[in-house]
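# A look at the structure
Single-letter residue listing:
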Amino acid sequence: MQFLSIFLIVYGILVLYLVLTKSNLLFKNVKMKLFHKLFGEKGTYIFILIFGLISLGVGIYLQL
């Protein structure tokens, strides 16, 4: 369980960093273009932000 929690914390931090900096690595991906068509620019941004926060929160919760 320790490995999973550390992985989720690092993954959540990485996702939040890429979203907040609006990195081309994340947003120019083919799958992200599909999300952009479905949710729009703001919806995709919010969805990925929430996904990163949930990953970080679950990782911290498992660490306790």
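A brief look at the structure comes next.

Criteria and thresholds
- Residues numbered from 1 in each chain as written.
- Predicted model: local features only at pLDDT ≥ 70, side-chain atom pairs only at ≥ 80, totals over all residues.
- Heavy atoms only, no water.
- Phe/Tyr/Trp six-rings, centres within 6.5 Å; stacked < 30°, edge-to-face > 60°.
- Helix = DSSP H or I, 4+ residues; strand = E, 2+ residues; numbered from the N terminus.
- Buried < 20%, exposed > 50% of the residue type's maximum accessible area, 1.4 Å probe, protein only.
- Lys NZ or Arg CZ within 6 Å of the ring centre and 35° of its normal.

### Overview of the packing of aromatic side chains
All told, the structure shown has 5 aromatic pairs when counted by the stated rule. Between Phe-7 and Tyr-11, the aromatic rings sit 6.0 Å apart at their centres with planes inclined by 15°, giving stacked as the arrangement. Note that Phe-7 and Tyr-11 are positioned in helix H1 (residues 2–20) at a spacing of 4 residues, about one turn of the helix. Note on Tyr-11: relative accessible area 33%, which makes it partly exposed. A centroid spacing of 6.2 Å and a plane angle of 90° characterise the contact between Tyr-11 and Phe-51, whose relative ring orientation is edge-to-face. Of this pair, Tyr-11 sits in helix H1 while Phe-51 sits in helix H3 (residues 30–63), and the two are 40 residues apart along the sequence. Accessibility expressed as a relative area gives 40% for Phe-51, which makes it partly exposed. Lying over the aromatic face of Tyr-45, Lys-22 brings its terminal NZ or CZ to 5.3 Å of the ring centre.

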